[in-house]
Amino acid sequence: MIEERFIELMNGEIDGANSREESLELKRYLDTYPEAKRYYEDLKAVTQMFDQAEELTPPPYLRKTIITSIFEREGEEERKSVFTSVLAGLRLTFSRRYAYSFTAGIIAGILLFAIFSWIVPWRHPAEDLDNLLGTITSGNLREITTVGPIDFHLPSVTGSARIRYTEDRILAAIQLSAESEIQVLFQHDENVRFEGLRSIKSCNHEMRVTGEETELSHIGICEYIVVFEDVHRSHPHIGFKIFADGSLLFERSIVPGQE
Amino acid sequence: MKFSKDDRKAFERIVDKYEKTIFNIAFRIVNDYEDAMDITQTAFMKAYENIDSYNPSHKFFSWLYKITVNESLNHLNKKKRTEKLDNNVAINLESPEEYTAHSEISRRLQYALMKLKFDYRIVLILRHFNSLSYREIGDVLDIPEKTVKSRLFTGRQLLRDILIKQGYKQ
């Protein structure tokens, strides 16, 4: 039977916790009692097994799994908390009273939209005349005859023209880029009257209007719409000419329905 | 305190430093490679989540080991309950290659450790695999140093008896 104190000293010796005196005392005891020595050797052998047991190596992907699980979860929680705050905010503000007001507002909006749509006729989608806002067009815009676009690739002038005949108006939309000064001339009979001009892309121009002629002089890039009144609603033809430095560059007689 | 992006780097360094140790502690406690991976992952997650509760006057590894030991113990308890519920559960004697490649000594020791009660097993693991002092073991397990010694000495004796019974000779 080994004394309890010496079992403690044996363990202390294994753990390196004994003082020098305790170590000597143990040594003397072990030298005296072979049974105690055997027991001590066994204990030492057991602890040496720990030293001989290799450490396990975790799989290489474990690190990534750990990092990903931590920081993805963190991101999710942040997103969740933002979502939760928004929900909480809605919960605070969305009372039954507000719900009724909100629904009433939506219904009123739908009704107003329906009434407005009924009063104001839809414009013909193929003939969007939005760019004519500000001009003095009137009458039925649904019945439009369009001539063009007429494209110009002249020596010093490029661009296009589009002529529209409404029920009582003739609209000439012109887009021209001229290197030198040019004159754009509209010739018509007495049943056509110049009504107005709207400049879309502003440029320096001069205009001359006589009974049967409307002339615009300009240089550079210009975009404008010339509006004529078709007094008898007869859709007459219009003479369209472009001059540069006194020379005629382009001439065309515009006849609605012939393009 | 929450880890910012900069802290992520710091935490990655912690993972790099302790991953292997934590994994080994978990494995020696539960004796299952896959479970040890789960425990390691959970331990780091809990450490990250509860970093506020870490008291810097204590050693960081003691705190991390404590989380690991608790997580391993929870895992063992859960497993015990599951096995009780399902008596037909097969004991998986097959170990991954990483483990079977290890020495006969390592496997014998692990087998003997698993025969010990948890209280003895854990002090032996922390003392001999992780070289913790009596005091450090006491910190990890929240027990007095005296109890650590007592469990350690008894654990060694029990381990010796088991190994002798197995016919192991040095």
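Analysis parameters
- Residues numbered from 1 in each chain as written.
- Chains lettered and ligands numbered in written order.
- Predicted model: local features only at pLDDT ≥ 70, side-chain atom pairs only at ≥ 80, totals over all residues.
- Heavy atoms only, no water.
- Helix = DSSP H or I, 4+ residues; strand = E, 2+ residues; numbered from the N terminus.
- Contact = heavy atoms within 4.5 Å.
- Areas by Shrake-Rupley, 256 points an atom, 1.4 Å probe, with all protein chains shown as cover.
- Buried area = accessible area lost by both parts, 1.4 Å probe.
- Salt bridge = Lys/Arg side-chain N within 4 Å of Asp/Glu carboxyl O.
- Polar contact = N/O pair within 3.5 Å; in protein donor to acceptor, adjacent residues only side chain to side chain.
- Axes fitted to C-alpha atoms, helices over the stretch in contact; angles between N-to-C directions.
- Parallel < 35°, antiparallel > 145°, perpendicular 65-115°, else oblique.
- Left-handed = near helix turned anticlockwise from the far one by under 90°.
- Nonpolar A, V, L, I, M, F, W, Y, C, P; charged D, E, K, R; others polar.
- Buried < 20%, exposed > 50% of the residue type's maximum accessible area, 1.4 Å probe, protein only.
- pLDDT = per-residue confidence, 0-100.

Caption draft 1: Looking closely at the overall build of chain A. Secondary structure assignment for chain A yields five helices and eight strands. Secondary structure elements in chain A, listed N-terminal to C-terminal, are α-α-α-α-α-β-β-β-β-β-β-β-β. Sequence-distant contacts in chain A: of pairs separated by 6 or more residues, those separated by 24 or more amount to 58%. Carbon and sulfur atoms make up 55% of the accessible area of chain A, which totals about 15,900 Å².

Caption draft 2: Representation of the interface of chain A and chain B. Facing 34 residues of chain A, the contacting portion of chain B comprises 44 residues. Of the roughly 3,900 Å² buried where chain A meets chain B, counting both sides, 64% is carbon and sulfur surface. When residues of chain A are sorted by the area they lose upon contact with chain B, Met49, Phe50 and Leu56 of chain A head the list and together hold 21% of the total. Run the count over chain A and chain B and you get six salt bridges. Here glutamate 12 of chain B and arginine 63 of chain A are joined by a salt bridge, their closest N and O atoms 3.4 Å apart. Applying the counting criterion to the chain A and chain B interface returns 13 residue pairs in polar contact (both at pLDDT 80 or more). Where the side of chain A that touches chain B is concerned, the elements lending two or more residues are helix 1 (4-15), helix 3 (34-52) and helix 4 (61-93) of chain A.

Caption draft 3: Region of interest: the packing of helix 1 of chain A against helix 2 (residues 20-32) of chain A. Residue and element names in this part refer to chain A. Helix 2 packs onto helix 1 with a crossing angle of 120° between their chain directions and a minimal axis gap of 10 Å. It follows that helix 1 is oblique to helix 2 by the angle criterion. Between helix 1 and helix 2 lies a crossing of left-handed hand. Note on element contacts: helix 2 touches helix 1 through Glu22, Ser23, Glu25, Leu26, Tyr29 and Leu30, opposite Arg5, Phe6, Leu9, Met10 and Glu13. Within the contact of helix 1 with helix 2, the residues separate by chemical class into six nonpolar, one polar and four charged.

Caption draft 4: The arrangement of the pattern of salt bridges in detail. Going through the model one piece at a time under the given rule, you end up with 27 salt bridges over all chains. Of the charged contacts in the structure, one is a salt bridge between arginine 169 of chain A and glutamate 195 of chain A, with a shortest N-O distance of 2.5 Å. One end of the pair, arginine 169 of chain A, is in strand 3 (residues 169-187); the other, glutamate 195 of chain A, is in strand 4 (residues 192-201), and 26 residues separate them in sequence. On the basis of relative accessible area, arginine 169 of chain A is assigned to the buried category, the value being 10%. Exposure remark for glutamate 195 of chain A: the relative accessible area of 24% places this residue in the partly exposed category. In this structure, glutamate 104 of chain B and arginine 108 of chain B form a salt bridge, with 3.5 Å as the shortest nitrogen-oxygen distance.

Caption draft 5: Representation of helix 7 (residues 134-141) of chain B. Residue and element names in this part refer to chain B. Burial runs high along helix 7: six of the eight residues are buried. All of the buried residues in helix 7 are Tyr134, Glu136, Ile137, Gly138, Val140 and Leu141. Immediately downstream of helix 7, the backbone of aspartate 142 shows phi near 60°, a positive value.

Caption draft 6: Representation of the confidence of the model for chain B within the structure. All names here are of chain B. Confidence in the prediction of chain B, expressed as mean pLDDT, is 85, and 84% of residues score 70 or more. At the low end of the mean pLDDT range in chain B sits helix 4 (residues 97-100), at 52; at the high end sits helix 6 (residues 118-129), at 96. Segment residues 87-94: pLDDT under 50, and one contact once partners within four positions in sequence are set aside and those in other chains are kept. For this predicted complex, the interface score ipTM comes out at 0.82, alongside a pTM of 0.55.

Caption draft 7: Spatial organisation of the confidence of the model for chain A. Residue and element names in this part refer to chain A. In this model, chain A carries a mean pLDDT of 81, and residues with pLDDT of at least 70 account for 80%. Within chain A, helix 4 has the poorest average pLDDT of any element, 71, and helix 2 the best, 95. Contacts of residues 123-130 to residues separated by more than four positions or lying in other chains number nine contacts, the stretch itself having pLDDT below 50.

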